[in-house]
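Now for the letters of each chain:
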Amino acid sequence: MNSSYDVVVIGGGPAGVAAAVAAEKSGARVFLIEREARLGGILKQCIHDGFGLLRFGEKLSGPEYVERYIDMLSGTGIAVSVLTFVTGIKKLTDDGYAISIVNREGASTIITKSIVIATGCRERTAKQVFIHGTRPAGVFTAGNAQYYVNILGKMPTKKCVILGSGDIGLIMARRLTLEGAVVEGVYEVKNSPSGLTRNIVQCLHDFNIPLHLSHTVTRVFGESRLTAVEICKVNEKMQPIKGTERIVDCDALILSVGLIPENEVVYDLNIPIDPKTKGLVVDQSFMTDMKGIFSCGNALHVNDLVDYVSEGAEIAGKNAAEYIMAERKLIKLDAQKNILYIVPQQLDISDAAKLCDVKLYFRSSEDFDNAVLTIDVDGKEFFKKKYAHLRPPEMESLNIDFSNCGLKADSKISFDISRRTK
Amino acid sequence: MIEMVCIVCPNGCLLQVEGATENLTVSGARCPRGKTYAFSELTNPTRSLTTTVKTAFPDSPVLPVRTDGEIPKEKIFDAMKFINSLTINSRIKRGGIVVENIVDTGINIISTSDILIRI
């Protein structure tokens, strides 16, 4: 079976579903591909609440949030194919792409003008954090443990240690405690937590779970099953300090040590990747350096709120539908040293209408109190905004009108943060 | 003065709270909900509870649920104990009530997914 669509969305999580709905609304014939049996992505297992405060003004659980978007698919002409894998994407000579897929009906090819990559992200695993010792059962990523508890209804541990203070780790500390497990402690190699402050409060403080900053797990013990881990203090270079070793008996080590955007599906196309976000480089319509290929959601950069994922995905979906072969004129958005990253990384200045309301997302590179964000265009201050606090784990978003600042092909737009002097 | 982090929304404002409970001064909040939170936190701390309930259906062994409001913090483990004693036998919809008036709090436990009817 070969068929053709205007927009193919790869990934049926919150980003993919929102992008598909937005693309269809803008008049495109849309095909949505999901490799799992059910749409919803990671939110299927994120049963905790706090989703949707910005989007719906309500505190929803993950399934509730994503099912509201899935409900929007019914009555549309969007073709949805679950249990479907993308095995390759080829660029056609006349603008367009051929996507090879495999599902229960066999292998087939989809021809499309535009693709939205909404493949989400993956968790860093034990192999990526270099822990010594044996290789027993009982080492889980936080998302893996979450799948056991919230989807399968099985407890992966009676007493565990959590390494890393990412939000999923904090959420799992609470979840496992509620279900009767003992969480001996959360250990973070850095000197500040990576998760949101409110999660430190409501997931750890509420349940008297200790958070040990500047600590890491250096070794695991156990043959068939984990029996203990070795904990060490670390110095300012995050190197373990000899003599501070402590053994903690437990049956599981749960890792919450970061997320990496997943873009394997487009590796063969050699689209430029931002080394900071680990996602594809995009302009304000979320188009990558390869014409007709868009990226959104956690595949683009890891978001801390799904509300931002939906918002970005809707922009990507709409633009994928409106995509025409017009020549783009891209200029780079320059992040100075106090900015960890900005998404989009570049601006398409070919169409003034697309400069009026540019959505920008950024993170600071360190903690700032009383800070000022400034945007300079060609050396002149163009925009500034004051912030009481800026922290790397808390993403900020802005809407900027770039239509009246005389952008030219060789313009320089530079972003920086400075401390406000009182 | 007491400092606390407001957990109402992802902003996580750092609140400085002064005075007795009937006459609180709260600074540091970016919205009025901060003061309400500080008052409740000092008098009767409450939390929403999200968890799962066992089902009789092998295709979805657990159903995600939550409280439809907040319950007193000290009743969380009582609520968990009750919820974990249940098995759901009917294909209940998202938003449907799973437990009425959980552990006498006046708050219901509701389903947060259509997982049982979508399969």
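How each quantity is defined
Each chain carries its own residue numbering, running from 1 in the written order of its sequence. Chains and ligands are labelled sequentially in the order written, the chains with letters from A and the ligands with numbers from 1. Local features are withheld for residues below a pLDDT of 70 in this predicted model, meaning they are given only at 70 or higher, and side-chain atom pairs are given and counted only at 80 or more; totals for whole chains, interfaces and linings count all residues. Excluding hydrogens and water, the side-chain figures rest on all heavy atoms present in the structure. Exposure is judged per residue with a 1.4 Å probe applied to protein chains only, and the accessible area is read against the type maximum: over 50% gives exposed, under 20% gives buried, and values in between give partly exposed. Per the convention used, a helix needs a DSSP run of H or I reaching at least four residues, while a strand needs a run of E reaching at least two, with both numbered from the N terminus. DSSP calls a pair of strands paired once it identifies at least 2 bridges connecting them. In this analysis, two residues are considered to be in contact whenever any of their non-hydrogen atoms come within 4.5 Å of each other. Geometry is summarised by axes, namely lines fitted to C-alpha atoms with helices restricted to the contacting stretch, and by angles between N-to-C directions that run from 0 to 180 degrees. The term buried area denotes the loss of accessible surface (1.4 Å probe radius) that occurs when two parts are joined, taken as the sum for both partners. Basic side-chain nitrogens of Lys or Arg form a salt bridge, by our definition, when they fall within 4 Å of a carboxyl oxygen of Asp or Glu. A helix is expected to span 1.5 Å for every residue after the first. Handedness of a helix crossing follows the sense of rotation of the near helix relative to the far helix, less than a right angle counterclockwise being left-handed and clockwise being right-handed. To form a nonpolar core, buried Ala, Val, Leu, Ile, Met, Phe, Trp, Tyr and Cys residues must be joined to one another through side-chain atoms within 4.5 Å.

A. Inspection of the pairing of strand β24 (residues 358-364) of chain A at higher detail. Residue and element names in this part refer to chain A. Here β24 lies mainly inside the structure; 7 of its 7 residues are buried. Here β24 shows no split at all, with V358, L360, F362 and S364 on one side and K359, Y361 and R363 on the other all buried. For strand β22 (residues 339-343) and β24, the ladder comprises 4 bridges, and the chain directions are antiparallel. When the bridges of β24 are listed, I342 appears paired with F362. Bridging between β24 and strand β27 (residues 396-400) involves 5 bridges; their strand directions are antiparallel. Looking across to β27, one finds that K359 is bridged to N399.

B. Broad picture of the sheet that holds strand β8 (residues 87-88) of chain B. Residue and element names in this part refer to chain B. An order of β8-β5-β6-β10-β9 is seen for the 5 strands of this open sheet, with the pairing classed as mixed. Looking along the sheet, the strands with just one partner apiece sit at the ends: β8 and β9 (97-99). Two strands pair when backbone bridges link them, and β9 and strand β10 (residues 109-111) are joined in this way by 2 bridges, in the antiparallel orientation. Bridge pairing in β10 places V99 opposite I109. Running over the sheet, helix α2 (residues 76-83) touches β5 (50-55), β9 and β10 and is turned about 20 degrees from β5.

C. Seen up close, the interface of chain B and chain A. With 30 residues of chain B at the interface, the matching set in chain A holds 32 residues. Summed over the three residues of chain B that lose the most area to chain A, namely I7, P10 and T50 of chain B, the buried surface amounts to 21% of that side. Put simply, chain B and chain A have 6 salt bridges between them. A salt bridge links D206 of chain A to R47 of chain B, with the shortest nitrogen-to-oxygen separation between them at 2.4 Å. Elements with a contribution of two residues or more to the side of chain B that touches chain A: β5, β6 (62-67), α2 and α3 (115-118) of chain B.

D. Up close: helix α4 (residues 167-178) of chain A. Residue and element names in this part refer to chain A. For α4, spanning 12 residues, the distance from its first C-alpha to its last is 17 Å, which sits close to the expected 16 Å at 1.5 Å a residue. G169, L170, I171, M172, A173, R174, R175, L176, T177 and L178 are the residues of α4 that are buried. Just beyond α4, the residue with positive phi is G180, at close to 100 degrees.

E. Focus on the pattern of salt bridges. Counted according to the given criterion, the structure contains 24 salt bridges over all chains. Two residues, R47 of chain B and E41 of chain B, come together in a salt bridge whose shortest N-O distance is 3.0 Å. The burial state of R47 of chain B is the same as that of E41 of chain B; both residues are buried. Salt bridges linked by common partners bring E67 and D71 of chain A together with R94 and D114 of chain B together as one network.

F. Structural context of the sheet that holds strand β26 (residues 380-390) of chain A. Residues and elements named next belong to chain A. The mixed open sheet is built from 5 strands, whose spatial order is β23-β21-β28-β25-β26. In the strand order of this sheet, the two ends are held by β23 (346-348) and β26, each with one partner. Neighbouring strand axes in the sheet, compared pairwise and without regard to direction, differ in orientation by 20 degrees on average. Two elements, strand β25 (residues 368-377) and β26, share 9 bridges in a ladder whose sense is antiparallel. The partner of L373 across the bridge, within β26, is K385.

G. View of the packing of helix α3 (residues 142-152) of chain A against α4 of chain A. Residues and elements named next belong to chain A. Look at α3 against α4: their axes get within 9 Å of each other, and the N-to-C directions meet at 35 degrees. Handedness of the crossing formed by α3 with α4: left-handed. Where α3 abuts α4, its residues A142, G143, A145, Q146, V149 and N150 lie against I168, G169, I171, M172, R175 and L176.

H. Structural detail: the nonpolar core. V7, V9, V30, L32, L73, V116 and C296 of chain A are the most contacted members of the largest nonpolar core, which has 43 residues in total. Residue assignment for this core shows that the elements contributing at least two residues are β1 (2-10), α1 (14-25), β2 (30-33), α2 (62-71), α6 (306-322) and β22 of chain A. Per-element tally for this core: the top contributor is α1 of chain A, with 7 residues. The residues contacting V30 of chain A, other than those within four sequence positions of it, are Y5, V7, V9, A20, A23, E24, G77, I78 and A79 of chain A. In this structure, V149, A181 and I200 of chain A together with V53 of chain B belong to the second largest nonpolar core, which totals 40 residues.

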